[in-house]
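Structural characterization, general
Chain by chain, the residues run as shown.
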Amino acid sequence: EFVFSHGLSSQEAKGLLEIHGRNELPEKKVPKWYIFVSQLWQPMPIMIWLAAIIELGIQNFLDMGILLMIQFANASIGYYEITKAGDAVAALKKSLKPSATVKRDGKFIVIDAAFVVPGDLVLLGSGSAIPADCRVNEGEIDVDEAALTGESLPVTKFQGSSCKMGSTVVRGEVEGTVEFTGANTFFGKTAALLGNSGEHSNFQTLLVNIVLVLVAISSVLCFIVFVYLLTLTNFSDALSFTVVLMVASIPIAIEIVTTTTLALGSKELSHDGAIVTRLAAIEDMAGMSILCSDKTGTLTMNKMVIQEETPVYKKGESQYSLLRYAAMAAKWWEPPRDALDTLTLNSVDMPSMSSVEQLAYMPFDPIVKRTEGTVKETATGKVYKTTKGAPHVILKLVTSSNPNQKANEAITAAVEEDVHSFGLRGIRTLAVAKTNDKEQWEFLGMLTFLDPPRPDTKQTIEDSNRYGVAVKMITGDHLLIARETARVLGMGDYIKAGDGLPLLHPETKKKPDHLSRDYGDMCLAADGFAQVFPEHKYLIVECLRELGFKVGMTGDGVNDAPALKRADVGVAVQGSTDAARAAADIVLTQPGLSTIVNGMLISRRIFVRIKNFLTYRIAATLQLLVFFFIAVLAFKPIDYMPANWQTMSHFPDDHTWPEFFHMPVLMLMLITLLNDGTLIAIGYDRVEARDTPEKWNLPVLYLISSVLAAVALISSIVLLHMCLNSWDSGAFGGLSYGQITATIYLKVSISDFLTLFSARTNENWFWTTAPAPILMGAGCLALTTSTIIACTWPPSYPDGVYTEGLARHKPYEFALYIWLYCIAWWFVQDAAKVCTFYYLKKYNLFGYNDTGKLVMPESALKYIRDNKAKDMAKVLGGKH
């Protein structure tokens with residue numbers, strides 16, 4: 001049996017603190033040094049480490065230095081973005097530590113709530129947060145449990161009632177005994193569902209998939225090149241060229257560019273009042289097709305408001321007069337004592353109340369269940385009583401004081417019919433009565449009130465639907481209130497009660513084995529769920545995720561936290577509890593949900609930028625890799641030299657051309673650094689968001705990249721053949737081998753960047769969407785630098801490959817010819833891309849036309865046909 005406390009001594013409290021621990025939830029903090037170091041052992045960095053070790057082994061220190069510079073730049077950017085997001089949330093959560101008033105050593109003192117222990121006697125006063133799970137010793141208080149249960153109205157607690165940590169006292173003052181603290185509280189048990197799932201984000205998995213595919217292709221082709229080179233040159237040179245070719249072909253900057261693009265998107269979202277705590281959530285938000293939302297405080301204002309509809313049963317009365325009579329049944333000149341007093345006194349014409357004087361007042365009593373005031377009109381001296389309370393209580397009072405049976409039957413029928421119809425719409429009622437000249441009670445009418453939707457909620461839901469996102473309400477509030485809210489917001493009318501929903505295993509806390517198979521159709525079919533527990537919310541989200549949908553969840557309370565954590569995108573709205581904010585991926589700092597629609601569009605634009613970059617990056621990798629594979633195996637420069645080159649006075653070279661075509665390592669790394677380095681600017685590119693949720697279609701991504709790469713590759717092979725054959729054909733007046741090397745360097749550099757400008761417009765021609773000025777500027781910088789390097793490179797033998805600038809021999813304008821050649825092929829490349837997209841779209845190849853939008857399967861439609869009418873009849877047939 002529970003023992004009520006009269007206070008503890010400091011010594012007793014100290015002993016209990018050692019047994020039960022601090023009254024707080026354990027918080028996992030990852031050290032900042034660990035965040036940085038973890039950036040150095042992801043799959044991509046490991047490959048760079050291996051390449052750097054090989055370069056060290058063959059004493060290529062320059063190449064090793066370049067690799068290490070890329071490695072630490074990548075880690076530093078990743079670290080900066082992760083810690084910046086974490087610090088922003090920490091700043092958001094910085095608020096006063098909760099305190100508690102406890103009785104220690106015979107007197108009340110204020111202490112840090114973390115040191116409250118079971119058995120403590122605590123003071124629970126109006127406006128204070130309940131520091132732990134407590135039982136009321138004696139008396140009564142009203143407690144706001146909206147953060148825990150979703151219930152809009154405060155709940156009255158009497159002697160022995162349990163008050164949960166995380167709720168707030170709104171009226172009254174009592175002493176309570178602490179029953180549970182920390183992880184053993186209702187709040188703490190809810191938080192136990194928040195354990196890290198340990199899953200990799202969808203985006204991380206995608207990047208690893210792309211990198212592994214490219215590494216596999218690169219490894220196979222580079223191995224063949226390496227084996228072939230061993231027949232032509234020594235082991236060290238063959239290994240050095242192969243390793244650098246592999247590193248140049250692997251998209252080293254893929255994480256830097258994608259992380260930076262996400263980080264820039266995070267900054268854009270923060271300007272809209274959304275702080276991103278997990279960068280990959282931006283990509284998840286772009287593909288979100290179902291948004292589950294809590295009702296109280298998220299869709300609605302979490303504040304009861306008097307409604308226009310006011311049924312009156314006495315001639316001459318109106319909402320104005322009812323409010324005045326209701327105020328007379330309260331101490332209107334004092335601060336409101338409870339939620340109903342607040343509702344009434346905030347709406348009444350307060351100056352008019354000076355015309356009456358209160359002679360007596362009966363406060364709310366849990367047995368009588370109404371308040372009563374006796375007042376005198378100062379002008380006439382007339383004295384009467386007024387009362388307000390639940391309709392059935394006031395109806396009983398009125399009929400018991402009135403001997404007219406017929407009148408009693410009429411008023412009872414009228415009130416019961418109105419209460420029933422309002423109840424079906426989830427609207428609450430407050431009855432008002434007053435005494436007449438015979439001192440008989442007369443039922444004047446009823447005030448109606450509801451927790452109304454936020455002003456922007458309806459528009460937000462319409463916008464979400466227009467952009468292909470289905471919105472489902474999930475609330476702990478009553479079914480009828482949920483139905484009315486859904487009706488007002490246009491969310492559909494099929495709201496199911498929580499009694500048919502699955503539960504976690506009572507001991508292991510595991511989800512049901514066949515969750516989506518057994519409950520998937522119900523979760524898809526319903527427009528919302530009411531009277532649910534936190535674990536219901538969690539399992540609804542998990543069920544929809546199992547069905548393959550990207551699921552978002554919005555909420556503000558402790559009861560929402562497990563579902564926020566489990567969702568692909570957890571969004572904590574403004575004013576959320578710490579538990580909700582800690583579990584969320586995105587924290588809103590402005591009221592309402594309209595920020596979410598802006599966030600969806602911003603995240604879809606970010607998705608397009610990343611998809612454009614990946615299309616380019618895969619194409620550039622394939623172009624470079626396959627070009628050198630063919631160039632090394634199919635072209636022997638020595639075979640293209642004129643037979644009598646030694647006697648030709650105008651032949652520019654005084655040495656034989658090499659056995660195989662290759663490029664200096666420094667040139668390969670310059671292509672990677674200049675092009676990928678400036679591509680961070682793609683995070684600012686001008687793109688358009690789609691009207692439907694995005695989803696990754698890797699077969700299409702690889703196909704388009706391959707088409708772009710194939711055209712660029714063919715143009716490079718043709719140019720290499722023309723250059724090597726220039727002495728036989730007479731083209732370009734004959735080129736030196738150094739010029740040929742510089743030509744291919746410039747050609748690959750230009751083709752790479754032009755490929756990006758083609759990739760960034762997706763299925764449209766490259767001229768349809770102008771690039772952002774910063775991306776254009778970055779492109780001009782990279783291409784100008786590459787052109788200058790190609791034209792002015794001093795005659796030298798880097799890595800034993802003779803190289804010299806294009807402008808050092810005739811034709812001096814050769815760089816211009818290369819530019820014109822690349823631009824001509826760029827039109828061919830873009831035409832090939834547009835044609836490929838045309839056929840993908842026309843025949844829906846690889847599911848190209850499929851979007852992430854929710855399309856109701858036949859099984860879910862059947863569920864609606866079989867169950868909706870039955871469930872609705874059950875609701876409408878219930879008693880209210």
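Thresholds applied
- Residues numbered from 1 in each chain as written.
- Predicted model: local features only at pLDDT ≥ 70, side-chain atom pairs only at ≥ 80, totals over all residues.
- Heavy atoms only, no water.
- Helix = DSSP H or I, 4+ residues; strand = E, 2+ residues; numbered from the N terminus.
- Rg over C-alpha atoms; globule rule 2.2 N^0.38 Å.
- Buried < 20%, exposed > 50% of the residue type's maximum accessible area, 1.4 Å probe, protein only.
- Contact = heavy atoms within 4.5 Å.
- Polar contact = N/O pair within 3.5 Å; in protein donor to acceptor, adjacent residues only side chain to side chain.
- Expected span 1.5 Å × (residues − 1).
- Pairing = 2+ DSSP bridges.
- Axes fitted to C-alpha atoms, helices over the stretch in contact; angles between N-to-C directions.
- Salt bridge = Lys/Arg side-chain N within 4 Å of Asp/Glu carboxyl O.
- Patch = residues over 30% accessible without salt bridge, like charges linked within 9 Å, V, L, I, M, F, W, Y side chains within 5 Å.
- Areas by Shrake-Rupley, 256 points an atom, 1.4 Å probe, with all protein chains shown as cover.
- Parallel < 35°, antiparallel > 145°, perpendicular 65-115°, else oblique.
- Left-handed = near helix turned anticlockwise from the far one by under 90°.
- Phe/Tyr/Trp six-rings, centres within 6.5 Å; stacked < 30°, edge-to-face > 60°.
- Lys NZ or Arg CZ within 6 Å of the ring centre and 35° of its normal.
- Disulfide = S-S within 2.5 Å.

When you go through the protein residue by residue, the secondary structure sums to 30 helices and 23 strands. Relative to its length of 880 residues, the protein is extended, with a C-alpha radius of gyration of 37 Å against a globular reference of 29 Å. Based on the C-alpha atoms only, the size of the protein along its principal axes is roughly 135 × 65 × 55 Å. For the protein, the proportion of its 880 residues judged to be buried stands at 54%. If you take every contact in the protein between residues at least 6 apart in sequence, the share linking residues at least 24 apart comes to 73%.

Topologically, T554 is positioned in strand β21 (residues 551–555). Given the relative accessible area of 0%, T554 is considered buried. Among the polar contacts made by the side chain of T554, one reaches the side chain of S293 at a distance of 2.8 Å. Beyond its immediate chain neighbours, meaning those up to four positions away, T554 contacts L291, C292, S293, D294, T298, L564, V571, V573, L593 and I596.

Its 23 residues place the ends of helix α27 (residues 737–759) 33 Å apart at the C-alpha level, agreeing with the 33 Å of an ideal helix rising 1.5 Å per residue. Burial of α27 is extensive: 23 of the 23 residues sit out of reach of the surface.

Taken in spatial order, the eight strands make up an open sheet running β10-β23-β22-β21-β11-β18-β20-β19, and their pairing is mixed. Of all the strands in the sheet, the pair left with one neighbour each is β10 (274–276) and β19 (495–497). The average angle at which neighbouring strand axes cross in this sheet is 20°, direction not considered. Sheet topology places β21 next to strand β22 (residues 569–572); four bridges connect them, and they run parallel. If you follow M553 over to β22, its bridge partner there is G570.

Looking now at the environment of A530. Position of A530 relative to the elements: it lies in strand β20 (residues 528–530). Judged by its relative accessible area of 0%, A530 is buried. Expressed as a C-alpha distance, the spacing of A530 and A497, which sit 33 residues apart in the sequence, is 5.0 Å. Excluding residues that lie within four positions of it along the chain, A530 makes contacts with T475, D477, H478, L479, A482, I495, K496, A497 and G498.

This paragraph deals with the pattern of salt bridges. Across all of its chains, the model carries 38 salt bridges by this definition. A salt bridge links R466 to D463; its shortest N-O distance comes to 2.9 Å. Here D463 and R466 lie together in helix α16 (residues 457–466), a separation of three residues that amounts to about one turn. On the accessibility criterion, D463 (14% relative accessible area) is buried. Where R865 meets E858, a salt bridge forms, and the shortest distance between an N and an O atom there is 2.8 Å. Overlapping salt bridges, with partners in common, bring together K511, E542, R545, E546, R566 and D568 in one network.

Right, let's get into a nonpolar patch on the surface. A contiguous nonpolar surface patch, about 760 Å² in accessible area, is contributed by V30, W33, Y34, W41, I46, L50 and I53. Broken down by secondary-structure element, the contributors of at least two residues to the nonpolar patch are α2 (32–38) and α3 (43–57). Structurally, Y34 is set in helix α2. By relative accessible area, Y34 is classed as partly exposed at 37%.

Looking at the element boundaries, F732 is found in the loop between α26 (726–729) and α27. The sequence separation of F732 and F814 amounts to 82 residues, and the corresponding C-alpha distance is 8.0 Å. With near-sequence residues (within four places) excluded, F732 lies in contact with M722, C723, S726, P811 and F814.

With that settled, consider the side chain of T296. Mapped onto the elements of the fold, T296 is located in helix α11 (residues 295–299). Reaching out from T296, the side chain makes a polar contact with the side chain of K295 at a distance of 3.4 Å.

It is worth spelling out the packing of helix α25 (residues 698–724) against α27 at this point. Their axes nearest at 10 Å, the elements α25 and α27 cross at an angle of 160°. Considering the angle they form, α25 stands roughly antiparallel to α27. Considering how the two elements wind past one another, α25 and α27 form a crossing that is right-handed. From α25, L708, A712, S715, S716, L719, L720, C723 and L724 reach across to α27, where they touch Y737, I740, T743, I744, K747, S751, T755, S758 and A759.

Across the sheet, which stays open at both edges, the six strands sit in the order β12-β17-β16-β15-β14-β13 with antiparallel pairing between neighbours. Only two strands of the sheet have a single partner each, and these edge strands are β12 (305–306) and β13 (356–362). Relative to strand β15 (residues 383–389), strand β14 (residues 370–377) is paired through seven bridges, and the arrangement is antiparallel. From the neighbouring strand, E372 faces β15, where its bridge partner is T387.

Before going further, it helps to examine the packing of aromatic side chains. Enumeration over the complete set of coordinates arrives at 37 aromatic pairs. Ring centres of W332 and W333 lie 5.0 Å apart, and the angle between their planes is 90°; this geometry places the pair in the edge-to-face category. Relative accessible area serves as the criterion here: at 10%, W332 is assigned to the buried category. A ring pair is formed by F814 and Y817, whose centres lie 6.2 Å apart and whose planes are at 85°; its orientation type is edge-to-face. Of the two residues, F814 and Y817 are both situated in helix α29 (residues 814–843); the distance of three residues between them amounts to about one turn of the helix. Through pairs of rings, three or more aromatic residues link up here, namely F241, F627, F628, W645, F651, W657, F660, F661, W727 and Y737. Lying across the ring of Y384, K434 places its NZ or CZ 4.7 Å from the centre. Its end group placed over the ring of Y467, R466 keeps NZ or CZ at 5.0 Å from the ring centre.

Leaving glycine aside, a negative phi is the common case for residues, and trans is the common case for peptide bonds. That bond from K810 to P811 is cis: its omega, -10°, falls within 30 degrees of zero. Its identity as a non-glycine residue notwithstanding, F732 has a phi of 60°, on the positive side. The backbone of N844 sits at a positive phi, close to 50°, despite the residue not being glycine. Tracing the sequence through the fold places N844 in the loop between α29 and α30 (858–876). For N844, a relative accessible area of 31% translates into the label partly exposed.

Using the criterion set out here, one finds zero disulfides in the structure. Free of any disulfide, C163 has its nearest neighbouring cysteine sulfur in C134, separated by 6.6 Å. Classification of C163 as buried rests on a relative accessible area of 0%. Not part of a disulfide, C523 finds its nearest cysteine sulfur in C543, a span of 3.8 Å. Judged by relative accessible area, C523 falls into the buried class, the value being 2%.

Attention now goes to the pairing of strand β16 (residues 428–435). For β16, the buried fraction is high: seven of the eight residues fall into the buried class. As paired strands, β15 and β16 are joined by four bridges and run antiparallel to one another. Following the sheet pairing, T386 is matched in β16 by K434. Two strands pair when backbone bridges link them, and β16 and strand β17 (residues 441–450) are joined in this way by eight bridges, in the antiparallel orientation. If you follow L430 over to β17, its bridge partner there is L447. Hairpin connection, β16 to β17: the antiparallel pair is bridged by five residues, and E439 has positive phi, about 65°.

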